[in-house]
Every structure is written in C-alpha cells, then in structure tokens.
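The primary structure of each chain is shown beneath.
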Amino acid sequence: MTKTTSISASRNRVRSRNRRSARKLSRHTSTSLQLKPKPQEDLGKAQARQRTRRSASYAHAAHRYKCTQWAVIAQQTARVVLGDGKYVETRRVPVVSTLADMSETPQPSPMTTMRIWHIVHDIAAQIHHSVLSTTFYPPTQDLPKPTASNHSSTSFEFSRNSVLSIVRRLYLTSQPTNTVPYRVHDSNIGVLSPLSSRHPGAGFLRGSSTFNAVLARSTSLISSLTSTSAQPFFTLLREQARFSNPAVVALSTDAMLYSPSIVGLRRDDSDRFEVSNDDFYGELDAIPADPTTKDLETPPAINGQNQRAMGEYVAPYFMNVLSAAPAHAGSFRSASYSSSESETHRVVRQTIKSRIARALRLFAARGDSTLVLCAFGCEEGTSIDTIAQIYAELLACSSGTGDVDDGEFTDVFEKVIFAIPGRLHSTFRKTFEMRVYEDELIRSLESN
C-alpha cells in the first residue's frame, strides 16, 4: 500500500512539474517572438526596430525570389543564344474597329482592341558575326589618340534609366529601318561594361544582378564572352588573381575585350519604351495568336511586386560592348602599403582614369559615335564623385589644365549618355557639371 501511494505521489509531482514547464515554455515562446526593448528604450522605438527588421526580411526574400526568376530567364537566353538563335516575340497591336451607336441617330464610334501576334526572330547570323568579330586587346597594345569629329560639340545626357533601356530607345529611334529580314546589322552605339569576374557571364546563370550579368541574360553577349577570341582576356584575369601582392591584384589589368554587334533580345525590367506599329503587317510578318500558340504568350517570369512580366522578348536591337576590368578601390585601400591615404587615393584615381581613357580611345578607333557609360568602378569601392570628375575631365574639360589625358576626348563623340540609376544620379550630375564649370572658370581667368 505504501509503495502504491509513493508511486502515485511521484506521478502527481511529475505531472505538476510538466504543467509548470509547459506554462513557462508558453510564456517564453510568446515573448521571444516579440522584440524586447533595450534598456532606457521606449516601446515605440522597439516597435520601430521590429518593423525595420521585418521590412529588411521581406526585401531579402523578394530579392531572392527575383534572383530565382532571373536565373530562369538567363537559362532561356543561353539556350537561344548558344542554340539555333531563334526566339518568339509576343506583340500586342491595337486594332481599331467601328461600332454603330444604338441611339436614335446612330453614329459610328471607334473602338480599340488589342490583337496578339507572334513574331519569330532569327539572330543566328548576327551571333555568328559577333563571335567572329570579337577582339581581345592586351594591356600592352597602344591605341591611337582620337581626333575631333565634324559635328559641333558633344551632347551629354544624364539618365536614370538602365543601360539596356537607353540602348533600345537609341537604336529604335535613330537607326535606319531595315526591310531585309535576318540581315547582319552593325551599330554605332558603344556600351562600357565593367567586368571583374574571372569567368564569362559573372554568374548570370545563378541569377546574379551585376552589370555584366544583366547584359548576359538579356543579350547575346555570352556567345562573345565564351568565344575563342575572349579566352585570353579571362586567362589574364585569372593569372592576375594569383599574384602574391594583393595591391597589384586589386588594380587588375588594362586588357579589354570588344564585342561588336551584340543583339539585345529582351526588354529590361524598367523599360517602358514602346515602338510604333505603323509599319507592322501581321499577315506577312507574324503568326496570329490562336489556341495552338497559347504557350508562346506565357512570359518567362512575373515580378511578384507589380505583376509585370520580367525579361519579355522584344524585337532585336544592337550595340557594341566593351568589357574592361575596373580597379577594386576598397581592396586596394586595405592592402596598400602606402602610409598616406591621399597617396592611395591618387593611385586608385589615376588607375581608373587611365583605364577609362583607354576604353574611350578604343570606342573612337572602332567608330562608335554614341556612348552609353555607367559608373565604372563604383560597385568596386570608388566614390561616385571621383568617377564623375574623371568623366568630366576626359570628355568635357580643356586640355593642358591638368593631367595629360584631360580634354583628349572633347567633341570626339556625337552623344554621350550616362546611365546612373537610383540615388547616385543627382550626385553624379552635380559633380560632373561642377567640374566642367571649374574648368571654364580657370580658362576664363587665364585668358584675362
């Protein structure tokens, strides 16, 4: 009897202890999901920190989803570019129909509807031409200095749009209309692409969002980067990375890769430019949409935030891409043996300036009259002010007021567009214009 009583009492104690543990765990779980305020911090600030963390978590999840979609788009692009070179554009063309008004005095009223057509584009010949024309320029190869062109002066434009959006607008509005299908096109639009990855495409198949990866998933650039002519460029980058001096590795190389007649086949996510359909004849140029072509209408991916199609196929547009390795300013500062910070800044600035000047010489030598330039080296740690000053000194300032390269490209190109999206746009433009104003002021004082 005593043994039975002791066992029952032991069970009761265990049950009681379990109930207390359960209540404690419940209280701990409910409070652990809430953000505890720090000492001397009111509840409002704690809630604000919680909202900030939640927003950052949502933004990170959205970015990862976008990367997944970008990877799908890149894989489709690689199959087209490295395959048969054919893809299908879905174009919605407005059709105006006249309907009778049902009032006592009927009047015809126009009504616009959208008709869907599927246009098959074959860019295989263009890709073949681009691959055969890809040229590697070693760091020791000298380039001729340019001469001023016949036009009056270079026009500058500062745009918040992406590079691909600008190139597509330029090509469709300024290039002559071609009536011969599948003819090999040439372009006078040059694009400067920073390429620091030691492998072609810079991880674009994994959904990378670097500048070169964006170009690779929306154009035929990957065919040029993986060609035999491009291999010395990536071999040099890999050899450069094996140097024992990290400061030398950070400065990279002056080698360049020129990829002419690159085909753009996708619309950039921020591109809202639409072409006129006045010269479009669907019965001759396209396949009408019907239930058998329903699968062609499905976009490759959908942006979950605004429900817009990502990476839509569009009519081909063309550009010449110059790939150059930017200097890694942040890595050079941490690895530099210089005791002076100003000396480190001077070395980085001079390296970037000479590399941009070398790229501009190559553009001029290849006959590119319109340039679309990015913030070259900004992703690698160079300040946007430094890049804007360098562009101004090379393209808009007079010669003889500073470095030997200053003013070398004044009035050489017909048009230069700076693609600086986001918050850096206003800073870049103000710094560029201020540097040009300083140069004009110095020349005015010297002339008096």
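Structure: above.
Just so it is clear, the structure is predicted and the values come from calculations on it, not from any experiment.

## Thoughts on the sheet that holds strand E3 (residues 135-137)
Phase 1 of the analysis: In space, the seven strands of this open sheet follow the order E3-E6-E10-E5-E11-E12-E4, with mixed pairing throughout. Here the strands that pair on one side only, and so sit at the sheet edges, are E3 and strand E4 (155-159). In this sheet, neighbouring strand axes are inclined to one another by 30° on average, regardless of whether the strands run parallel or antiparallel.
Phase 2 of the analysis: Here E4 pairs with strand E12 (residues 415-419) via five bridges, running parallel. Bridge pairing in E12 places Ser-159 opposite Ala-419.
Phase 3 of the analysis: The strands touched by helix H3 (residues 124-133) within the sheet are E3, strand E6 (256-266) and strand E10 (313-324), with E6 carrying the most contacts at an inclination of about 170°.
Phase 4 of the analysis: Against the sheet, helix H5 (residues 211-218) engages strand E5 (189-194), E6 and E10, with an angle of about 130° to E5.

## Description of unusual backbone geometry
Phase 1 of the analysis: Its identity is not glycine, yet Ser-261 carries a phi of approximately 55°, on the positive side.
Phase 2 of the analysis: Take Ser-261: it is sitting in strand E6.
Phase 3 of the analysis: Positive phi, close to 60°, is recorded for Asp-411, a residue that is not glycine.
Phase 4 of the analysis: By the element assignment, Asp-411 lies in the loop between helix H12 (384-395) and E12.
Phase 5 of the analysis: Judged by relative accessible area, Asp-411 falls into the partly exposed class, the value being 24%.

## Considerations on the environment of Phe-158
Phase 1 of the analysis: Within the element layout of this structure, Phe-158 appears in strand E4.
Phase 2 of the analysis: A relative accessible area of 14% places Phe-158 in the buried class.
Phase 3 of the analysis: Every residue in contact with Phe-158, bar those within four places of it in the chain, is listed here: Phe-418, His-425, Phe-428, Arg-429, Phe-432 and Glu-433.

## Concerning the layout of surface pockets
Phase 1 of the analysis: Empty space within the second largest pocket amounts to approximately 860 Å³.
Phase 2 of the analysis: Every residue lining the second largest pocket is counted, 33 residues in all, and those nearest its centre are Ser-162, Ser-209, Phe-211, Val-214 and Pro-421.
Phase 3 of the analysis: Those elements giving two or more residues to the lining of the second largest pocket turn out to be helix H2 (43-81), helix H4 (163-174) and H5.
Phase 4 of the analysis: Per-element tally for the lining of the second largest pocket: the top contributor is H5, with five residues.
Phase 5 of the analysis: Of the residues assigned to the lining of the second largest pocket, the class counts are 15 nonpolar, nine polar and nine charged.

## Some remarks on H12
Phase 1 of the analysis: For H12, spanning 12 residues, the distance from its first C-alpha to its last is 16 Å, which sits close to the expected 16 Å at 1.5 Å a residue.
Phase 2 of the analysis: Along H12, 10 of the 12 residues are buried, which leaves the element largely enclosed by surrounding structure.
Phase 3 of the analysis: Of all the positions in H12, only Ile-384, Thr-386, Ile-387, Ala-388, Ile-390, Tyr-391, Ala-392, Glu-393, Leu-394 and Leu-395 are classed as buried.
Phase 4 of the analysis: In this structure, the buried residues of H12 make contact with E4, E5, helix H11 (341-365), strand E11 (370-373), E12 and helix H13 (424-447).

## Let's talk about a nonpolar patch on the surface
Phase 1 of the analysis: A cluster of nonpolar residues, Met-434, Tyr-437, Leu-441 and Leu-445, forms a patch on the protein surface that exposes about 430 Å² of accessible area.
Phase 2 of the analysis: Tracing the backbone through its elements, the reader meets Met-434 in helix H13.
Phase 3 of the analysis: According to the relative accessible area criterion, Met-434 is partly exposed, its value standing at 45%.

## Details of the side chain of Ser-130
Phase 1 of the analysis: One can find Ser-130 in helix H3.
Phase 2 of the analysis: Judged by relative accessible area, Ser-130 falls into the buried class, the value being 0%.
Phase 3 of the analysis: Leave out the neighbours within four places in its chain, and Ser-130 touches Ser-224, Pro-260, Ser-261 and Ile-262.

## Focus: the pattern of salt bridges
Phase 1 of the analysis: As enumerated under the stated definition, the model contains 12 salt bridges in all.
Phase 2 of the analysis: In this structure, Glu-312 engages Arg-267 in a salt bridge whose closest nitrogen and oxygen atoms are separated by 3.4 Å. Of this pair, Glu-312 sits in the loop between strand E9 (309-310) and E10 while Arg-267 is found in the loop between E6 and helix H9 (282-285), placing the two residues 45 residues apart along the sequence.
Phase 3 of the analysis: Using a relative accessible area of 28% as the deciding quantity, one classes Glu-312 as partly exposed.
Phase 4 of the analysis: Owing to a relative accessible area of 12%, Arg-267 belongs among the buried residues under this scheme.
Phase 5 of the analysis: With a closest N to O distance of 3.0 Å, Glu-393 and Arg-435 form a salt bridge.

## Considerations on helix H7 (residues 231-241)
Phase 1 of the analysis: Every buried residue of H7 is accounted for by Phe-233, Phe-234, Leu-236, Leu-237 and Gln-240. Here the buried residues of H7 occupy an arc of 155° about the axis, which is enough to place them on one side.
Phase 2 of the analysis: Packing partners of the buried residues in H7 comprise E3, helix H6 (221-225), helix H8 (246-251), E6 and E10.

Conventions and cut-offs
Residues numbered from 1 in each chain as written. Predicted model: local features only at pLDDT ≥ 70, side-chain atom pairs only at ≥ 80, totals over all residues. Heavy atoms only, no water. Pairing = 2+ DSSP bridges. Helix = DSSP H or I, 4+ residues; strand = E, 2+ residues; numbered from the N terminus. Axes fitted to C-alpha atoms, helices over the stretch in contact; angles between N-to-C directions. Contact = heavy atoms within 4.5 Å. Buried < 20%, exposed > 50% of the residue type's maximum accessible area, 1.4 Å probe, protein only. 1 Å grid on protein atoms, 1.4 Å probe; cavity = no way out; pocket = protein on both sides within 12 Å on 5 of 7 lines; lining within 4 Å. Points joined across faces, edges and corners; volume = space filled by probe spheres on them. Nonpolar A, V, L, I, M, F, W, Y, C, P; charged D, E, K, R; others polar. Expected span 1.5 Å × (residues − 1). Patch = residues over 30% accessible without salt bridge, like charges linked within 9 Å, V, L, I, M, F, W, Y side chains within 5 Å. Areas by Shrake-Rupley, 256 points an atom, 1.4 Å probe, with all protein chains shown as cover. Salt bridge = Lys/Arg side-chain N within 4 Å of Asp/Glu carboxyl O. Arc of directions from axis to C-beta.

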